[in-house]
Amino acid sequence: MTLRIDISGLPSERLRFAASPLAELTAMLHVLAEPGHHPQLAGWAGDVWAGLRPEPAERLREAEFLWRSSQADFLLPARPRPTLTEELDDVDRIDDETYVTAALVTTCGGNQDHFATPSPLTDATARERALDLAQARGARQEAFAERLLTDPAAVRARVRHTLEQCAEAFFDAAWTGVAVQLATDLRLKNDLLKRQGIGAALASVSGAVTLTPDGDCIIVDKLQDKATAAHGTGVTFIPSVFGSPHLVVVHAPGWQPVVQYPVAEPSPSEPVSLETVTLRLEALAHPVRLRLLRTLARGPHTTGELAHAWELSPPEVSRHLAVLRRAGLLTARRHGRYVRYTLNLADLMTLGADLLAAVLR
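Engineer: Sorry, what's going on with the nonpolar core here?
Structural biologist: Note on soluble globular proteins: their nonpolar side chains tend to be buried together. In this structure, Leu29, Leu66, Trp67, Phe74, Leu104, Leu163 and Phe170 are the most contacted members of the largest nonpolar core, which totals 61 residues. Looking at this core element by element, the count peaks at 11 residues for helix H9 (residues 152–196). Residue contacts for Trp67: discarding those within four places in its chain leaves Thr26, Leu29, His30, Ala33, Leu60, Leu75 and Leu163. The next biggest cluster of nonpolar side chains, apart from the first, holds 24 residues, and it includes Leu186, Ala201, Val209 and Ile218.

Given below as structure tokens:
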């Protein structure tokens, strides 16, 4: 499962790396709404909530559907500006139809097709369908969706004011703290793009972002089967300190593709691909292979030894070992006439973490 961004014919200068105050604020808001995704920032989130006055805290909760499970597309700007105020001004220029559709996608679930045509702002049936979807998600979602559809201008103004309150309460201080780290990352990315090309720049973004051999498509290794195109617009890459471990992509029709990626830690580990995680889960789904792993966990064994231990035929054991090797869970080493199989214990131990990373990104 991948997300594909078609960049065929796109000049390299249309790939832009830039920092966005609004995108980083959105990442912070997600941390506050889902601290379990970011255990390394739990202390920061706790301090922020403890310091918030009741009124802005309640405002954050009433609008959290814009950034909790996924981020509304208008919160990840394709043309980042130097200040939060300038980016919020750009959001204000978005028409109500576009804004409401993006907000409903994150509030109600589903995709743009559920809310774009006919518009729930003008069509009674579409409005009821949107409210039904919101109701199924919860009372707060229903109340927010109803306010949004009844008076979008008022909700938009309230959301902007809430974000401005966040700037005063915690964002300005946090932004000052991460600005140098973001600027350092951007210098590296833009230098790679200029000197070594798109492939090298993408490789430095994340091991989950690659360029196809023909250079026509960016592949993002995510639990999505989606495709979009950057023709005539380009792709914007936004680094984030607070966004780790998420790799967020704006890919809806009508929106310029935007990728918000986590700034690498000083010694980043290469992310395990979704394909590898899937192979390992499938390999472990068979009871015979689990029995073989139980024996291999005690030390290296040959095919014959495994067959004898579990009263299986050597060809049957060989077939199961081949599946485990393709999944990267075993290492084979020849000792004279014998091949001994060793369990890759570290890879097996991190499988849960690798699965979670693949799901979260």
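Engineer: Would you mind going over the pattern of salt bridges with me for this structure?
Structural biologist: Where charged atoms from two side chains of opposite charge approach closely, those side chains can pair. Inspection of the entire model under this criterion finds 15 salt bridges. One salt bridge in this structure joins Glu164 and Arg160, with 2.9 Å as the shortest N-O distance. Here the residue Glu164 and the residue Arg160 both occupy positions in helix H9, the gap between them amounting to four residues, near one helical turn. Residue class for Arg160 comes out buried when judged on its relative accessible area of 15%. Put simply, Asp347 and Arg280 hold a salt bridge, and the shortest N to O gap is 4.0 Å. Note that Asp347 is positioned in helix H15 (residues 345–349) and Arg280 in helix H11 (residues 274–284), a separation of 67 residues in sequence. With a relative accessible area of 7%, Arg280 lands in the buried category.

Conventions adopted
- Residues numbered from 1 in each chain as written.
- Predicted model: local features only at pLDDT ≥ 70, side-chain atom pairs only at ≥ 80, totals over all residues.
- Heavy atoms only, no water.
- Core = buried A, V, L, I, M, F, W, Y, C linked by side-chain atoms within 4.5 Å.
- Buried < 20%, exposed > 50% of the residue type's maximum accessible area, 1.4 Å probe, protein only.
- Helix = DSSP H or I, 4+ residues; strand = E, 2+ residues; numbered from the N terminus.
- Contact = heavy atoms within 4.5 Å.
- Salt bridge = Lys/Arg side-chain N within 4 Å of Asp/Glu carboxyl O.

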